[in-house]
Amino acid sequence: MIAINNVSKWFGDFRVLADCTTRIDKGEVVVVCGPSGSGKSTLIKTVNALEPFQQGEIIVDGVSVGGLGRGLPKLRARVGMVFQHFELFPHLTVTENLTLAQVRVLGRGKAEALAKGLRYLERVGLAVQKDKYPAQLSGGQQQRVAIARALAMDPIVMLFDEPTSALDPEMVGEVLDVMVGLANDGMTMMCVTHEMGFARKVSHRVIFMDEGRIVEDCGKDAFFGDIDARSPRAREFLSKILNH
Ligand SMILES: Nc1ncnc2c1ncn2[C@@H]1O[C@H](COP(=O)(O)OP(=O)(O)OP(=O)(O)O)[C@@H](O)[C@H]1O
Ligand SMILES: [Mg+2]
């Protein structure tokens, strides 16, 4: 579904991604972790062309993301992205947030968009909140709306960039539950997260990044179970976060 081949990116002289190569198969859930500044957000943003890159290639569902191919706008609409800060439109109600891009980008009729939006809102457990504005919802609820909004676009893959790290602790679980449900339904997911419980429960693979490089890319069981086989940097990282 996603092939990242020898991708490098620079911000000026600073190499933020260094020869990154990996692939994510259909239905696979891959967790990306690593220290702050290691390039996780940048890598995930290159996948839906939010960040350009200078070297290598990224193919998503057969479409090259690097070039300005004809299929690119269409592809971007089908790659769902959920950020740390929910990025709902503050001046629009939940329902309007759920339907806007469906109508504007996918050209769906209003009734169809509404039906679809409400179906996903129901799925994230927020049907009764449909007429509220984002500011009237908790952070966890806003993030669930953001996930419903992405799902309403019928994504072929979902990208998450630390979707729970801005949330109060008691709201983390409700968002992770939605993500676990998606993973169990077979959604292809690439998730930047430090929620190692989530990684252990539903991921298939874990990618560990350091200084712009993919240092580890291995099965979940190897990543968590065979610590001695991990790189020193990954071991240090794991020992820090697993001890908390
Ligand atoms: N627009 C930019 N211009 C210059 N440097 C940038 C820009 N965006 C990010 N960087 C730098 O690139 C590096 C990687 O940033 P990135 O946001 O991808 O890291 P990250 O692994 O997601 O970190 P965090 O865990 O803190 O979110 C950092 O050193 C950052 O300062
Ligand atoms: Mg980041």
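Our subject is the structure that appears above.
Definitions and limits used
- Residues numbered from 1 in each chain as written.
- Chains lettered and ligands numbered in written order.
- Predicted model: local features only at pLDDT ≥ 70, side-chain atom pairs only at ≥ 80, totals over all residues.
- Heavy atoms only, no water.
- Buried < 20%, exposed > 50% of the residue type's maximum accessible area, 1.4 Å probe, protein only.
- Helix = DSSP H or I, 4+ residues; strand = E, 2+ residues; numbered from the N terminus.
- Pairing = 2+ DSSP bridges.
- Axes fitted to C-alpha atoms, helices over the stretch in contact; angles between N-to-C directions.
- Contact = heavy atoms within 4.5 Å.

Visitor: Would you mind showing me how to read the pairing of strand β7 (residues 157–161) here?
Guide: Two faces belong to every sheet, and in a regular strand the side chains alternate between them. For β7, a buried count of five out of five residues is recorded, marking the element as mostly surrounded by other parts of the structure. Burial along β7 is two-sided: V157, L159 and D161 facing one way and M158 and F160 facing the other are all buried. Relative to β7, strand β6 (residues 79–82) is paired through four bridges, and the arrangement is parallel. Looking across to β7, one finds that V79 is bridged to V157. Where β7 and strand β8 (residues 189–192) come together, four bridges link them in parallel fashion. Paired with F160 across the two strands is C191, which belongs to β8.

Visitor: Please clarify how the sheet that holds strand β4 (residues 55–60) should be interpreted in this entry.
Guide: Paired through backbone hydrogen bonds, the strands of a sheet run either parallel or antiparallel to each other. In spatial order, the strands read β2-β1-β4-β5; together these four strands make up an open sheet with antiparallel pairing. The open sheet is flanked by β2 (14–24) and β5 (63–64), the only strands paired with a single partner.

Visitor: I would appreciate a short explanation of the sheet that holds strand β3 (residues 29–33) in the present structure.
Guide: Taken in spatial order, the six strands of this open sheet run β6-β7-β8-β3-β9-β10, and their pairing is mixed. The open sheet has two edge strands, β6 and β10 (213–219), and neither has a second partner. When the angles between neighbouring strand axes are averaged without regard to direction, this sheet yields 15°. Relative to β8, β3 runs parallel, the two being bridged by four bridges. Within β8, the position partnered with V30 by the bridge is M190. Contacting β6 and β7, helix α5 (residues 139–151) crosses the sheet at an angle of about 170° to β6. Packed onto the sheet, helix α9 (residues 232–242) meets β3, β9 (205–210) and β10 and runs at close to 105° relative to β9.

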